[in-house]
Amino acid sequence: MKKFFALLMIAAFSTAVFAQDEAPVLSEGQQAKNAGNEAYNNRDYVTAIAEYEKYLASGEEGVADDLYTLNLYEMSFYYAGNTFLREKNYEKAYEYFTKFEKLGRSDTPTDCRFQYNYANTANKLDKDAEALALYQKCIDIDCNKDACYFAIAQIHRKNDNVEKMMSVVTYGLDSLGQAGNRYYSRFLLLYQIQELKDATE
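Each value, and the rule that gives it
Residues numbered from 1 in each chain as written. Predicted model: local features only at pLDDT ≥ 70, side-chain atom pairs only at ≥ 80, totals over all residues. Heavy atoms only, no water. Helix = DSSP H or I, 4+ residues; strand = E, 2+ residues; numbered from the N terminus. Contact = heavy atoms within 4.5 Å. Disulfide = S-S within 2.5 Å. Buried < 20%, exposed > 50% of the residue type's maximum accessible area, 1.4 Å probe, protein only. Polar contact = N/O pair within 3.5 Å; in protein donor to acceptor, adjacent residues only side chain to side chain. Axes fitted to C-alpha atoms, helices over the stretch in contact; angles between N-to-C directions. Parallel < 35°, antiparallel > 145°, perpendicular 65-115°, else oblique. Left-handed = near helix turned anticlockwise from the far one by under 90°. Nonpolar A, V, L, I, M, F, W, Y, C, P; charged D, E, K, R; others polar. Expected span 1.5 Å × (residues − 1). Salt bridge = Lys/Arg side-chain N within 4 Å of Asp/Glu carboxyl O.

(A) Looking closely at the side chain of glutamine 194. By secondary structure assignment, the location of glutamine 194 is in helix H10 (residues 184–200). Residues in contact with glutamine 194, not counting those within four places in the same chain, are Val162, Met165 and Met166.

Structure below.
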């Protein structure tokens, strides 16, 4: 009986060694792809980007047709930007949002969440001209219009451009109305503050 078990153990060990010998050796590109997937699943998007770039640049068979991995690579820029934005690292968020936009995806111009987050990030960094343009893009696709108009009014207020600020505030009060306008009370407060300031002067 002991000999039988010994033979079984030898057979099992031999099978395991044989299986290891037969296991396919992954190419550098495939290793990079697997590392990218692991990083992506762990929400380490910066590492995922670096690994996916190795894979996509490897020129290995099948890479050119791997649209799924290409999409993961591109979306990693988007998610990295969002991660940095949540951490209030606005410089890094802006860097990755800019890279994502430059990829030229067909869905980017109408992606409300991306455009709005990108606009807010530019605003946080006092990139006023860019923030204004991005908020306008949001308005054009009917994305958070009340918030965008209020942000635009605040930018003009910060730059002491009272005429433009009041024009936006008036639009926020009259054209956006009160129903469904989450910023109505803030528009009203801005209007009242400016009216009081003008009266005092």
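(B) Up close: the state of the cysteines. Under the counting rule described, the total for this entry stands at 1 disulfide. A sulfur-sulfur separation of 1.9 Å characterises the disulfide bridge that pairs cysteine 112 with cysteine 143. Around the S-S axis, the bridge from cysteine 112 to cysteine 143 shows a dihedral of about 70 degrees and counts as right-handed. Of this pair, cysteine 112 sits in helix H6 (residues 112–124) while cysteine 143 sits in the loop between helix H7 (128–140) and helix H8 (145–158), and the two are 31 residues apart along the sequence. Left without a disulfide partner, cysteine 138 is nearest to the cysteine sulfur of cysteine 148, which lies 4.2 Å away. We classify cysteine 138 as buried; its relative accessible area is 0%.

(C) Molecular detail of the environment of threonine 200. Assignment of secondary structure puts threonine 200 in helix H10. Looking at threonine 200, its side chain comes within polar contact range of the main-chain oxygen of leucine 196, at 2.8 Å.

(D) Summary view of the packing of helix H2 (residues 28–41) against helix H4 (residues 67–86). Taken N-terminus to C-terminus, the directions of H2 and H4 make an angle of 40 degrees; their axes are 11 Å apart at the nearest point. Regarding the angle of H2 to H4, the classification is oblique. As for how H2 packs across H4, the hand of that crossing is left-handed. Contacts from Lys33, Asn37 and Tyr40 in H2 reach Thr69, Leu72, Ser76 and Tyr79 in H4. In the contact of H2 with H4, the residues fall into 3 nonpolar, 3 polar and 1 charged.

(E) Main features of H4. With 20 residues, H4 ought to run about 28 Å at 1.5 Å a step, and its terminal C-alpha atoms sit 29 Å apart, in line with that. Most of H4 is tucked away, with 14 of its 20 residues classed as buried. Where H4 terminates, the next one or two residues include lysine 88, which has phi positive at roughly 60 degrees.

(F) Fine view of the pattern of salt bridges. By the definition in use, this model includes 10 salt bridges. For lysine 33, the salt bridge is made with aspartate 66, and the minimal N-O distance between the two is 3.0 Å. Remark: aspartate 66 occurs in the loop between helix H3 (45–56) and H4 and lysine 33 occurs in helix H2; sequence separation between them is 33 residues. Each member of the pair, lysine 33 as well as aspartate 66, is classed as buried. When the shortest N-O distance is used, the salt bridge between aspartate 107 and arginine 105 registers 3.2 Å. Salt bridges sharing partners connect three or more residues here, namely Glu74, Arg105 and Asp107.

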